[in-house]
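The chain contents come next:
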Amino acid sequence: MVVLDHVDKWFGDLHVLKDVDLRIGRGEVVVVIGPSGSGKSTLCRAINRLEPIDKGTITLDGKPLPEEGKELAALRAEVGMVFQSFNLFAHKTILENVTLGPIKVRGEKKDVAEKRARELLDRVGVGHQAEKYPAQLSGGQQQRVAIARALAMEPKVMLFDEPTSALDPEMISEVLDVMVDLAKRGMTMVVVTHEMGFARTAGDRVVFMADGAIVEEAAPEQFFTNPQSDRAKDFLGKIL
Ligand code: ADP
Ligand code: MG
């Protein structure tokens, strides 16, 4: 579904992605782990072309990522992204937040978009909040709306960049539960998170990054119980 082939990226002199090769199969859940500054966010942003790359290629469903115009807008719809900060539109209702993309980008009729948005909001457990504004919801609820908003575009892949790290501890599981459900439904997912429970329950593979490079790839259980590289051992020693 997503193939990164010899991808390099620099920010000025800083080499932030170093010869990254990664293949993500349809329906696969890849958990990306690594120290702060290792390039995890840049990797996600490269996959939906929020960041251009300098070398190598990235393909989605066999096609190179488009660089501009209508094709780029379509790509952003096909690759859903959920960030650490929920980024909902503050002056729009929850329902409007979810219908905006389908109406504006995909040209859906309002009633069709609303019906689907309500189904998605129900699915993530905030259906009864549809007429409220983001500030009236908890962080966990807002993040679940952000997931529903991305799903409304019927993406082929979902990218999650530390989706629970800005949440109060008691709200983390309600967001992870939605992500586990999504994984079970067969969504292709790239998830940057240090939530080991999620990685073990839903992850097919862990990719460990350090200093812009993929240092280790393994099944979650294997990675957490028997990391091979010194970098991974050192990192797990700090977070466990
Ligand atoms: P991570 O998500 O693993 O913490 P990032 O992908 O955010 O890492 O960042 C990788 C490196 O690139 C870091 O050293 C960071 O400071 C740097 N970086 C990220 N974004 C930019 C940018 N827009 N301009 C310059 N440097 C950046
Ligand atoms: Mg990051």
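Under the annotation held in an unreviewed UniProt entry, the protein carries the name Amino acid ABC transporter ATP-binding protein and is attributed to Nocardioides oceani. According to UniProt, the comment filed for the protein under the heading Sequence similarities (unreviewed entry) is "Belongs to the ABC transporter superfamily." Under the UniProt heading Subcellular location (unreviewed entry), the note attached to the protein is "Cell membrane".

Right, let's get into the site of ligand 1. Residues in contact with ligand 1, as listed here, are F11, L14, V16, P35, S36, G37, S38, G39, K40, S41 and T42. Within the backbone of G37, one N or O atom sits 2.7 Å away from an oxygen atom of ligand 1. In the environment of ligand 1, an oxygen atom lies 2.5 Å from a nitrogen or oxygen atom belonging to the side chain of T42. Here ligand 1 has 560 Å² of accessible area as a free molecule, and 58% of this is covered by the chains.

Turning next to the sheet that holds strand β4 (residues 55–60). Pairing within the open sheet is antiparallel, and its four strands lie in the order β2-β1-β4-β5. Here the strands that pair on one side only, and so sit at the sheet edges, are β2 (14–24) and β5 (63–64). Pairing analysis gives seven bridges linking strand β1 (residues 2–11) to β2, with the strands arranged antiparallel. Counterpart to F11 in the pairing with β2 is L14.

Here the focus is the packing of helix α5 (residues 139–151) against helix α6 (residues 169–184). Here α5 crosses α6 at 20 degrees, and the two axes come no closer than 8 Å. Here α5 lies roughly parallel to α6, going by the angle between them. You can see that α5 and α6 cross each other, and the crossing is right-handed. Here G139, G140, Q141, Q143, R144, I147 and L151 of α5 lie close against α6, whose contacting residues are M171, E174, V175, V178, M179 and L182.

This part takes up the sheet that holds strand β3 (residues 29–33). Across the sheet, six strands lie side by side as β6-β7-β8-β3-β9-β10; this open sheet has mixed pairing. The open sheet has two edge strands, β6 (79–82) and β10 (213–218), and neither has a second partner. Put simply, the sheet's adjacent strands are angled 20 degrees from each other on average, direction ignored. With four bridges joining them, β3 and strand β8 (residues 188–192) adopt parallel strand pairing. Note on β8: the bridge partner recorded for V31 is V191. Most of the contacts of helix α9 (residues 230–239) go to strand β9 (residues 205–210), to which it runs at about 95 degrees, and overall it touches β3, β9 and β10.

On to the pattern of salt bridges. Where side chains of opposite charge bring their charged atoms close, a pairing between them can arise. If you walk through the whole model with that rule in mind, you get 19 salt bridges. Here E174 ties to R144 by a salt bridge, and the two come within 2.9 Å at their closest N and O atoms. Of this pair, E174 sits in helix α6 while R144 sits in helix α5, placing them 30 residues apart in sequence. For E174, a relative accessible area of 25% puts it in the partly exposed group. The buried category is assigned to R144, whose relative accessible area is 9%. One network of salt bridges, with partners in common, ties together R26, D61, E78 and K156.

The rules we used
Residues numbered from 1 in each chain as written. Chains lettered and ligands numbered in written order. Predicted model: local features only at pLDDT ≥ 70, side-chain atom pairs only at ≥ 80, totals over all residues. Heavy atoms only, no water. UniProt positions renumbered as here; feature names shortened; annotations may be inferred. Near = heavy atom within 4 Å. Polar contact = N/O pair within 3.5 Å; in protein donor to acceptor, adjacent residues only side chain to side chain. Areas by Shrake-Rupley, 256 points an atom, 1.4 Å probe, with all protein chains shown as cover. Pairing = 2+ DSSP bridges. Helix = DSSP H or I, 4+ residues; strand = E, 2+ residues; numbered from the N terminus. Axes fitted to C-alpha atoms, helices over the stretch in contact; angles between N-to-C directions. Parallel < 35°, antiparallel > 145°, perpendicular 65-115°, else oblique. Left-handed = near helix turned anticlockwise from the far one by under 90°. Contact = heavy atoms within 4.5 Å. Salt bridge = Lys/Arg side-chain N within 4 Å of Asp/Glu carboxyl O. Buried < 20%, exposed > 50% of the residue type's maximum accessible area, 1.4 Å probe, protein only.

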